[in-house]
Amino acid sequence: SALLSPSMSKTFFESPEFIARSITQQLEKLPPEIDRIQFLNDIVQQLKQHDSKNSSDENHSIEQKGKVEESYSNHILLSNLRAQTIPLPPKLFASDDYPFNVPDTALNIHFSEDNKENFHTLSHATLEKIIEKLTGPNYTDDEVVEASSWLIHCLRMVSSLHRFLELLILRFHGPSMSSCPDMLHFADESSQIQTKTLLVLKRWIELRPYDFDDKEVCNSLTSFLNDTDPDIASMIQNHLSRSRLKSEGFQVSMISDSSVQIPTRFSKLDVDMMAQQLTLLEFDMMCKIKADELINQAWNKNGKEKFASNVVNSIEMFNKIVKILSVGILSEETMIDRSQAIINVINLGVKFRSLRNYNGILEVVSCLLSTPIDRLKLTWELVKGPVLDSFNELVELMTPKSNSKAYRQELKTV
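What you are looking at is a predicted structure, and each value in this text was computed from that prediction instead of being measured.

What counts and what doesn't
Residues numbered from 1 in each chain as written. Predicted model: local features only at pLDDT ≥ 70, side-chain atom pairs only at ≥ 80, totals over all residues. Heavy atoms only, no water. Helix = DSSP H or I, 4+ residues; strand = E, 2+ residues; numbered from the N terminus. Buried < 20%, exposed > 50% of the residue type's maximum accessible area, 1.4 Å probe, protein only. Contact = heavy atoms within 4.5 Å. Areas by Shrake-Rupley, 256 points an atom, 1.4 Å probe, with all protein chains shown as cover. Axes fitted to C-alpha atoms, helices over the stretch in contact; angles between N-to-C directions. Parallel < 35°, antiparallel > 145°, perpendicular 65-115°, else oblique. Left-handed = near helix turned anticlockwise from the far one by under 90°. Nonpolar A, V, L, I, M, F, W, Y, C, P; charged D, E, K, R; others polar. Patch = residues over 30% accessible without salt bridge, like charges linked within 9 Å, V, L, I, M, F, W, Y side chains within 5 Å. Salt bridge = Lys/Arg side-chain N within 4 Å of Asp/Glu carboxyl O. Lys, Arg positive; Asp, Glu negative; His and termini not counted. Charge placed at Lys NZ, Arg CZ, Asp CG, Glu CD. Core = buried A, V, L, I, M, F, W, Y, C linked by side-chain atoms within 4.5 Å.

Trainee: How should I be thinking about the overall build of the chain in this particular structure?
Mentor: Tallying secondary structure elements over the chain gives 21 helices and two strands in all. When each of the 414 residues of the chain is scored for burial, the buried share is 43%. By sequence separation, contacts in the chain at least 24 residues apart represent 70% of the contacts at least 6 residues apart. Summed over its atoms, the accessible surface of the chain is roughly 23,000 Å², and 52% of this surface lies on carbon and sulfur atoms.

Trainee: Any chance you could explain the packing of helix α13 (residues 271-287) against helix α15 (residues 309-330) here in plain terms?
Mentor: Pairs of packed helices are described in terms of their axes, by the angle between the two and the distance that separates them. It is at 10 Å that the axes of α13 and α15 come closest, and there the two elements cross at 160 degrees. Overall, the two elements α13 and α15 adopt an arrangement that is roughly antiparallel. In terms of crossing hand, the pair formed by α13 and α15 is left-handed. Note on element contacts: α15 touches α13 through Asn-313, Ser-314, Met-317, Ile-321 and Leu-325, opposite Met-274, Leu-278, Leu-281, Glu-282, Met-285 and Met-286. Along the lines of polarity and charge, the residues of the contact of α13 with α15 split into eight nonpolar, two polar and one charged.

Trainee: I tried to follow a nonpolar patch on the surface on my own but got confused; where do I start?
Mentor: Judged by side-chain polarity, Met-335, Ile-336, Leu-378 and Leu-382 come together as a nonpolar surface patch covering roughly 390 Å² of accessible area. Relative to the helices and strands, Leu-378 is located in helix α19 (residues 377-380). The exposure class assigned to Leu-378 is exposed, which follows from its relative accessible area of 55%.

Trainee: What's the story with the packing of α15 against helix α17 (residues 358-369) in this structure? I'm lost.
Mentor: Where α15 meets α17, the closest approach of the two axes is 9 Å, and the angle between their N-to-C directions is 45 degrees. Taken together, the axis directions place α15 and α17 in an arrangement best described as oblique. Taken as a pair, α15 and α17 cross one another with a handedness that is right-handed. Here Phe-318, Ile-321, Val-322, Leu-325, Ser-326 and Ile-329 of α15 come into contact with α17, specifically with Asn-359, Leu-362, Glu-363, Val-364, Ser-366, Cys-367 and Leu-368. Looking at the contact of α15 with α17, its residues break down into nine nonpolar, three polar and one charged.

Trainee: Would you mind going over a negative patch on the surface with me for this structure?
Mentor: Among the surface-exposed residues, Asp-141, Asp-142, Glu-143 and Glu-146 lie close enough to one another that they form a single negatively charged patch. Its location among the elements puts Asp-141 in helix α7 (residues 141-153).

Trainee: In this structure, what is going on with the environment of Val-364? I would like to understand it.
Mentor: Turning to its location among the elements, Val-364 is positioned in helix α17. It is 9.5 Å that separates the C-alpha atoms of Val-364 and Asn-347, two residues lying 17 residues apart in sequence. The residues touching Val-364, leaving out its near neighbours within four places in the chain, are Leu-325, Val-345, Leu-348, Gly-349 and Phe-352.

Trainee: Would you mind going over the side chain of Arg-338 with me for this structure?
Mentor: Position of Arg-338 relative to the elements: it lies in helix α16 (residues 335-354). For the buried Arg-338, no salt bridge exists, and the shortest N-O distance to an oppositely charged side chain is 7.8 Å, to Glu-332. Beyond its immediate sequence surroundings of up to four residues, Arg-338 is in contact with Ile-329, Glu-332, Glu-333, Leu-376 and Thr-379.

Trainee: Please explain the nonpolar core as it appears in this structure.
Mentor: As a rule of thumb, nonpolar side chains are buried together in soluble globular proteins. Formed by 37 residues in total, the largest nonpolar core has its most connected members in Phe-164, Leu-201, Trp-204, Phe-212, Leu-221, Phe-224 and Ile-236. Leave out the neighbours within four places in its chain, and Leu-201 touches Leu-165, Leu-168, Phe-212, Leu-221, Phe-224 and Ile-236. One finds Phe-266, Ala-275, Leu-325 and Ala-341 within the second-largest nonpolar core, a separate group that totals 36 residues.

Pasting the structure below:
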């Protein structure tokens, strides 16, 4: 019986290691009564005949035959064949164009706890090895979603977006028949690998749909969708469209001056109501900030409106609140009304503290220590007693001295 069909022989012949591995696996399956030496000789003769028929270059034929025979000598020991004990050859390294299924070593992946392979104990790993593990059989869908979320948030620190997408696409399609000795292994698990690869891609789209605005990433994704199953392509396209709409809904563009209404009279301010409303507004904005927006000071660099839009919006909001408070105090016509406005703003900070809104406290402190307010010396003389003590406590709480020690200590009590 022929091990390789005529239509496949030429493809396999380009990879001698694959031939050796396949023949070894085939030999294992033979019944004991079959002469393994004779079987192996028949296969070699068959490949020689096929090579002589199809190769127009004699030198090329001799070189390829030598590679095959060398591969046989490396992976099949005749003494073991005679004893009918045929070990599988050692697992070969993945090819350059399919960088997965490389044997685990201390250099490409390491877990901090022995015998506990999960992403909570991962010490270090290559990106290829992480993708291989994520899309392999050892993790549930929920674990894949959790681990891929962590990876995607840190993605810009370890890889380019385009490289990550290319690796996912390569993992989805699997190795070519001529390039990887693990093709049979991949075929057995291809459905599971492809499902989990799509799960990682969908999670990426959910968390960072704007990454796909990058030209290289967009072109690679488009090419992938054009080459894959129409149902899968439609699902990915719809998911990307929905995620983009959702992201646009969450990312408030630069806040207009009318977003927060200035009270008519700060001397008659409803402190409790304003503190509650501002806290709710700021809480909503803080919740929209994604972890990757805080990496490498993205809010201070070019493209900050795209890559750290929620942080930028929060900063804009902070500055506008400080401006509103300052204008509210200065808009009062008399010194007594201005002093009452200052007292109300201080009480606003005290209320923020009870609500655990430390961003609001910093807005109050920034307003009252700003030059336009601090220079109102006569007005400040009317602010006395417990109210002034409360203000000094707020200033001490938010001081950056000793790496914001007072603030950090208070956070421990929250």
